[in-house]
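One-letter residues, chain by chain:
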Amino acid sequence: MSIAENVKLVREKIAAAALAAGRRPEEILLVAATKTNDADRVRQAVAAGVDICGENRVQEMLEKQAQGAYEGVPLHFIGHLQKNKVKQVVGLAELIHGVDSLALMQALQRAAENKGLCQDILLEINIGAEPSKSGFAPEELPGILEAAGEFSNLRVRGLMAIPPVCRAPEENRPYFAEMEKLFIDNGEKKYDNVHMDFLSMGMSGDYEEAIAFGANMVRVGTAIFGPRSYQ
Ligand SMILES: *Cc1c(COP(=O)(O)O)cnc(C)c1O
């Protein structure tokens, strides 16, 4: 199947999952997870109508950006961002999904302040409490949202999670349900520099499940581009 056909199929499944959950299909933004795919393949996905491109690696993003791969859609950074690379990402990526520590927030604040701009971010939650994964613990969230008030050049736009690898998509339901609750509960309170707009969760294997639990940004790679080859 071509990239265009895959995007069409993913869109249809997103729409069906949204309607089944009593939601409008337009509420759900499709982020193409473009890692390892070259500029030409990224352009095909953009032409096929993905809403956003999401990259994982700074160097790869800069190369494809220089080749005009993302023209026509916003660019997001969805990978693990190292503090020494924030300068290259701030202002280029419209939204940074995986912000996972206060130290990274401080580095982002400094970079955004130096560039005189306001950077949108999502806070990553380690929803499976996995030692191998980064992200805030759910119970840390209120304190972090409170601390966001100090970062006048950052705007927290919501939450992101990558649940544990499961054998079947429905095994992720408890994690997605917990994320939805965190998103709603913490969104009800008023914090400075926080607007709980986006819940980024769901990948190729489980985006329909995520949509059932309130995801409004799904990050889909394999189902659009096919299996990745890391060389
Ligand atoms: C690669 C990646 C995805 C997409 O994964 P697929 O299973 O290929 O859909 C989503 N989110 C992040 C953070 C990724 O790195």
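Everything below is about the structure printed above this text.
Residues numbered from 1 in each chain as written. Predicted model: local features only at pLDDT ≥ 70, side-chain atom pairs only at ≥ 80, totals over all residues. Heavy atoms only, no water.

A. Structural detail: the layout of surface pockets. In this structure, the largest pocket occupies an estimated 640 Å³ of space. Together, 28 residues line the largest pocket, and K35, N56, I78, G79 and H80 are the ones closest to its centre. Those elements that provide at least two residues to the lining of the largest pocket are α3 (58–66) and β8 (217–220). In terms of residue class, the lining of the largest pocket is built from 10 nonpolar, 11 polar and 7 charged. Estimates place the volume of the second largest pocket at around 210 Å³. In terms of lining, the second largest pocket is formed by 13 residues, of which the most central are V165, C166, N172, M203 and D206. For the lining of the second largest pocket, the per-class residue count stands at 8 nonpolar, 3 polar and 2 charged. (1 Å grid on protein atoms, 1.4 Å probe; cavity = no way out; pocket = protein on both sides within 12 Å on 5 of 7 lines; lining within 4 Å. Points joined across faces, edges and corners; volume = space filled by probe spheres on them. Helix = DSSP H or I, 4+ residues; strand = E, 2+ residues; numbered from the N terminus. Nonpolar A, V, L, I, M, F, W, Y, C, P; charged D, E, K, R; others polar.)

B. Seen up close, helix α2 (residues 39–47). Three or more residues of α2 are buried, namely A39, V42, A45 and V46. Buried residues of α2, viewed axially, fall in a sector of 120°; they line one side. Looking at the buried residues of α2, the elements they touch are α1 (3–20), β2 (52–55), α3 and α9 (222–225). (Buried < 20%, exposed > 50% of the residue type's maximum accessible area, 1.4 Å probe, protein only. Arc of directions from axis to C-beta. Contact = heavy atoms within 4.5 Å.)

C. Just the site of the ligand, in detail. For the ligand, the full set of nearby residues is A33, K35, N56, I78, I162, M203, S204, R219, V220, G221, T222 and R228. Here S204 contributes a side-chain N or O atom positioned 2.5 Å from an oxygen atom of the ligand. In the environment of the ligand, an oxygen atom lies 2.5 Å from a nitrogen or oxygen atom belonging to the side chain of T222. Burial of the ligand by the protein amounts to 89% of the accessible area it has alone, namely 390 Å². Put simply, the ligand lies in the largest pocket. Here the shell around the ligand is composed, by residue class, of 5 nonpolar, 4 polar and 3 charged. (Near = heavy atom within 4 Å. Polar contact = N/O pair within 3.5 Å; in protein donor to acceptor, adjacent residues only side chain to side chain. Areas by Shrake-Rupley, 256 points an atom, 1.4 Å probe, with all protein chains shown as cover. Sits in = over half its atoms within 2 Å of the grid points.)

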